[in-house]
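# Structure assessment
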Amino acid sequence: MPMLLTILSRDRQAFEKGCCKFSDPYIKLVDKALERVQKDLKTSSDYLRQNKMKLIKGKSEETFTTYTFIYQGYEDQRRYLNARLKNRTEELMELFMIK
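Here's a quick rundown of the structure. (Residues numbered from 1 in each chain as written. Predicted model: local features only at pLDDT ≥ 70, side-chain atom pairs only at ≥ 80, totals over all residues. Heavy atoms only, no water.)

## Regarding the sheet that holds strand 1 (residues 53–60)
Working definition: the strands of a sheet are paired by backbone hydrogen bonds and lie parallel or antiparallel to each other. Which entries qualify depends on this criterion: Pairing between strands requires that DSSP locate at least two bridges from one strand to the other. Only DSSP runs of H or I reaching four residues or more are called helices, and only runs of E reaching two or more are called strands; each is numbered from the N terminus. Angles shown run from 0 to 180 degrees and are taken between the N-to-C directions of axes, each axis being a line fitted to C-alpha atoms and, for helices, limited to the stretch in contact. By definition in these notes, contact holds between two residues if any of their heavy atoms fall within 4.5 Å.
Ordered by their spatial adjacency, three strands build an open sheet running 1-2-3, and the pairing between neighbours is antiparallel. Of all the strands in the sheet, just strand 1 and strand 3 (74–81) have a single pairing partner and so form its edges. Averaged over all neighbouring strand pairs, the angle between strand axes comes to 20°, with direction disregarded. Two elements, strand 1 and strand 2 (residues 64–71), share six bridges in a ladder whose sense is antiparallel. Bridge pairing in strand 2 links lysine 57 to tyrosine 67. Along the sheet, helix 3 (residues 82–98) contacts strand 2 and strand 3; its crossing angle with strand 3, the most-contacted strand, is approximately 85°.

Dropping the structure here:
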């Protein structure tokens, strides 16, 4: 979701610069999506904090990004394919834009 916030913010700036004739409807759509993402991200952060869990983004390479999950003293590192992260971000974007 943090990646989605970054992308939506950049898209909003592009619309503000006038990349299309009628930018106001797109800006409003992006603003609503940003609000929804921020609310959902806050809910997720609160859940992690209440359950004493942590998610730490690690090293980003050309193909993979590493994340570390910490829960009850256990630590689990996982590597995710950047293409998969991109696809998931697109899925979330659709979800938050249509919702």
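Having seen it, we continue.
## Considerations on the nonpolar core
We apply this condition: Only buried residues count toward a nonpolar core. Its members are Ala, Val, Leu, Ile, Met, Phe, Trp, Tyr and Cys residues joined through side-chain atoms within 4.5 Å. Relative accessibility under 20% of the residue-type maximum defines a buried residue, over 50% an exposed one, and the middle range a partly exposed one, all with a 1.4 Å probe and only protein chains included.
Membership of the largest hydrophobic core is limited to eleven residues, which are Leu4, Leu5, Leu8, Phe15, Ile27, Val30, Ala33, Leu34, Val37, Leu92 and Phe96. If you list the elements that add at least two residues to this core, you get helix 1 (2–16), helix 2 (24–50) and helix 3. In terms of residues, this core owes the most to one element, helix 2, which gives five residues.

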